[in-house]
Amino acid sequence: MKNVTYKPYIAIAIGVAAISFSAILVRYSNADSGVMAFYRLFFSSMILLPLFFRGPIKEVTRFGFREWVLTTISGIFLAFHFILWFESLRYTSVASSTVLVTMQPLFAFVGAFFLFKERVTGGVLVSVVLAMAGSIIIGAGDFSAEGEALYGDVLAILSCALITAYFLLGQVLRRKIGLTAYTFSVYSMSAAVLGIYVWITGESFGPYPGVEWGIFLLLAVIPTLFGHSLLNWALGWVSSTTISMAILFEPVGASILAYYLFQEYISLTQAIGSALILFGLSCFILMTNRTSSVKGAE
């Protein structure tokens, strides 16, 4: 690891703050979920286009059939992740939706267990159970308070499963291509999928008032490019465990913003459930990192 200064941690803090705005921007928009997702990834692709043509395009021209299939499937998973997550924010609170989507490491663990037969330790199993118990508590509280909120929770969990599948496929693709080539290819493919989805479902591509176009552009710039780019840059200085732990603060930041901007109060069940999920995820990340370190030393 390189000599670490305070700059990567400032970048991580800004990056987490940036991705915390994603749910807030979605809440401010009156557009359909598919339209928001389409323009988020369309504008992201357009912003990356000049950088893509500076060199990474050569990597894409060398794609074989397997790479194109994986890119297409990744784009589909990412597209429907955004649709389901944006839709969940119409039914449940920002706090519940963001904390449930943050359970991605657990879904990745389940996928790795079944696909790669990874070993399960007692500590990892306990952390998974804690996080799952937290999600059940949130769901039970939302069900007793309002049936629609539980529906939103289910959408958030499904979107979490889809983003996990997207990341698992991304790990395979990233072994062969660079970050910019991968990001542009998947974002543009996902935008194409979303464009077809919007057309089939009859959602409107426009016209929209200037405020909506501003929200679409901000969704592309702040959480997608600015937030994730800073976190990717920080990976050159700190461990992936540090990044994973930092991302757990996204629901915290989003909940604070929702409280001040939308007067969304966090119920007791949401607070307890969220605390269990975040604690379980923290234990899970630390334990899986320790297991990886032991394997590396063997």
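Treat the numbers as computed from the prediction; the structure is a model and nothing was measured.

Parameters and conventions
Residues numbered from 1 in each chain as written. Predicted model: local features only at pLDDT ≥ 70, side-chain atom pairs only at ≥ 80, totals over all residues. Heavy atoms only, no water. Helix = DSSP H or I, 4+ residues; strand = E, 2+ residues; numbered from the N terminus. Buried < 20%, exposed > 50% of the residue type's maximum accessible area, 1.4 Å probe, protein only. Contact = heavy atoms within 4.5 Å. Axes fitted to C-alpha atoms, helices over the stretch in contact; angles between N-to-C directions. Parallel < 35°, antiparallel > 145°, perpendicular 65-115°, else oblique. Left-handed = near helix turned anticlockwise from the far one by under 90°. Nonpolar A, V, L, I, M, F, W, Y, C, P; charged D, E, K, R; others polar. Core = buried A, V, L, I, M, F, W, Y, C linked by side-chain atoms within 4.5 Å. Salt bridge = Lys/Arg side-chain N within 4 Å of Asp/Glu carboxyl O.

**Q** Before we move on, could you go through the overall build of the protein and cite the residues and values that matter?
**A** Counting its regular elements, the protein contains 13 helices and zero strands. Each helix and strand of the protein, placed in order from N terminus to C terminus, yields the pattern α-α-α-α-α-α-α-α-α-α-α-α-α. Looking at the protein as a whole, 48% of its 298 residues qualify as buried. The contacts of the protein with a sequence gap of at least 6 include a subset with a gap of at least 24, amounting to 88%.

**Q** Residue-level account of the packing of helix α1 (residues 7–28) against helix α12 (residues 250–262), with values.
**A** Between α1 and α12, the shortest axis-to-axis distance is 8 Å and the interhelical angle comes to 45°. Regarding the angle of α1 to α12, the classification is oblique. Viewed along their axes, α1 and α12 form a crossing whose handedness is right-handed. The residues of α12 that touch α1, namely those facing V16, I19, S20, F21, I24, R27 and Y28, are E250, G253, A254, L257, A258, L261 and F262. Here the residues of the contact of α1 with α12 are counted per class, giving ten nonpolar, two polar and two charged.

**Q** Let's hear about the nonpolar core: which residues, and what values?
**A** Core analysis: the largest hydrophobic core is formed by 64 residues, its most contacted members being L78 and F216. When residues no more than four places from it in sequence are discounted, the contact partners of L78 are L41, I163, Y166, V186, Y187 and S190. The next biggest cluster of nonpolar side chains, apart from the first, holds eight residues, and it includes I12, V16, V238 and I243.

**Q** Quick one: what's the story with the pattern of salt bridges, residue by residue and with numbers?
**A** Under the defined criterion, the tally for this structure stands at two salt bridges. Here E264 ties to R27 by a salt bridge, and the two come within 2.4 Å at their closest N and O atoms. Pair noted here: E264 is in the loop between α12 and α13 (268–297) and R27 is in helix α1, with a separation of 237 residues, a long-range link. For R27, a relative accessible area of 26% gives the class partly exposed.

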